[in-house]
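The residues making up each chain are set out below.
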Amino acid sequence: MTEHDEPGPLPVTQLHDAATVFSMLAATARLQILWLLSQGERDVGSLAAEIGQTVPAVSQHLAKLRLAGLVHVRKEGRRNVYTIADPGIADIVRLAFRHHRLHGGRLPDGLTD
C-alpha cells in the first residue's frame with residue numbers, strides 16, 4: 001500500500017492539487033482542448049479553429065493549463081506545439097464522458113469503450 005492508498009482523509013495539499021485539476025476541467029473550452037490534445041499534439045491556431053474560438057482566447061486557456069501542469073509546450077520554429085502532459089488527464093476526460101453517457105448523454109466522436 002502507498003500513502004495514497006491508505007484509508008482516512010487525504011492531506012490538504014493533495015486535495016488542493018486535485019481541486020485545481022478539476023477546476024481546469026470545469027471550463028468547456030479547456031475540456032475541449034484537453035480532449036483534442038489527448039488525440040495528438042496541436043498548435044494554438046489548429047486548436048482555435050477546431051473549437052471555434054479566437055487564437056488569443058485559446059492562448060489564455062493554454063496558459064492556464066500550462067500553469068496547472070496539464071499541458072506541455074515546445075517550440076517548432078515560430079510555432080508553439082502543445083501536448084497533454086499526463087496521459088492520466090486524458091483518462092479523466094474520457095471517464096467524464098463515459099459517466100455522462102451512462103446518465104443519458106452520448107460519447108463524443110472517436111471515443112469508444
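Remember, it's a predicted structure, so these values are computed and weren't measured experimentally.

What am I meant to see in the overall build of the protein here?
Counting secondary structure elements, the protein contains five helices and three strands. For the protein, the succession of helices and strands along the chain, N to C, is α-α-β-α-α-β-β-α. Residues counted as buried form 31% of the 113 residues belonging to the protein. Contacts in the protein between residues far apart in sequence, at least 24 positions, make up 45% of those at least 6 positions apart. Accessible surface for the protein amounts to roughly 7,400 Å². Of this, 57% is attributable to carbon and sulfur atoms.

Please clarify how the confidence of the model for the protein should be interpreted in this entry.
The predicted model of the protein has a mean per-residue pLDDT of 87, with 88% of residues at 70 or higher. No element of the protein has a lower mean pLDDT than helix α5 (residues 87–102), at 84, and none a higher one than strand β1 (residues 42–43), at 97.

Whenever I open this one, the pairing of strand β2 (residues 71–76) confuses me. Can you help?
The two faces of the sheet receive side chains in turn, since in a regular strand these alternate between them. Where β2 lies against strand β3 (residues 79–84), six bridges are found, and the strand directions are antiparallel. Its bridge partner lying in β3, V71 is registered against I84. Hairpin remark: β2 followed by β3, antiparallel, with two residues in the connecting loop; positive phi at G77, about 65°.

What is the right way to look at the packing of aromatic side chains in this model?
For any pair of aromatic rings, the description rests on two quantities: the centre-to-centre distance and the angle between the ring planes. With the rule as written, the count across this model stands at one aromatic pair. Considering the side-chain rings of W35 and F97, the 5.4 Å spacing of their centres and the 75° angle between planes classify their relative orientation as edge-to-face. Residue W35 is found in helix α2 (residues 28–37), and its partner F97 is found in helix α5; the two are separated by 62 residues along the sequence. A residue is classified by how much of its surface remains accessible, and W35, at 8% relative accessible area, is buried. What makes F97 partly exposed here is its relative accessible area of 21%.

What is the right way to look at α5 in this model?
Every α-helix carries 3.6 residues per turn, so stepping three or four residues along brings you back to the same face. In this model, α5 (16 residues) spans 23 Å end to end at C-alpha, consistent with the 22 Å of a helix rising 1.5 Å per residue. Residues of α5 that are buried sit in contact with α1 (12–25), α2 and β3. The N-cap of α5, judged by a side-chain oxygen 2.8 Å from the amide nitrogen of G88 a few residues on, is D86. Downstream of α5 by one or two residues, G104 has phi in the positive range, about 105°.

Sorry, what's going on with the pairing of β3 here?
Here β1 runs beside β3; their pairing, made up of two bridges, is antiparallel. Across the sheet, D43 pairs through a bridge with V81, a residue of β3.

Each value, and the rule that gives it
- Residues numbered from 1 in each chain as written.
- Predicted model: local features only at pLDDT ≥ 70, side-chain atom pairs only at ≥ 80, totals over all residues.
- Heavy atoms only, no water.
- Helix = DSSP H or I, 4+ residues; strand = E, 2+ residues; numbered from the N terminus.
- Buried < 20%, exposed > 50% of the residue type's maximum accessible area, 1.4 Å probe, protein only.
- Contact = heavy atoms within 4.5 Å.
- Areas by Shrake-Rupley, 256 points an atom, 1.4 Å probe, with all protein chains shown as cover.
- pLDDT = per-residue confidence, 0-100.
- Pairing = 2+ DSSP bridges.
- Phe/Tyr/Trp six-rings, centres within 6.5 Å; stacked < 30°, edge-to-face > 60°.
- Expected span 1.5 Å × (residues − 1).
- Polar contact = N/O pair within 3.5 Å; in protein donor to acceptor, adjacent residues only side chain to side chain.

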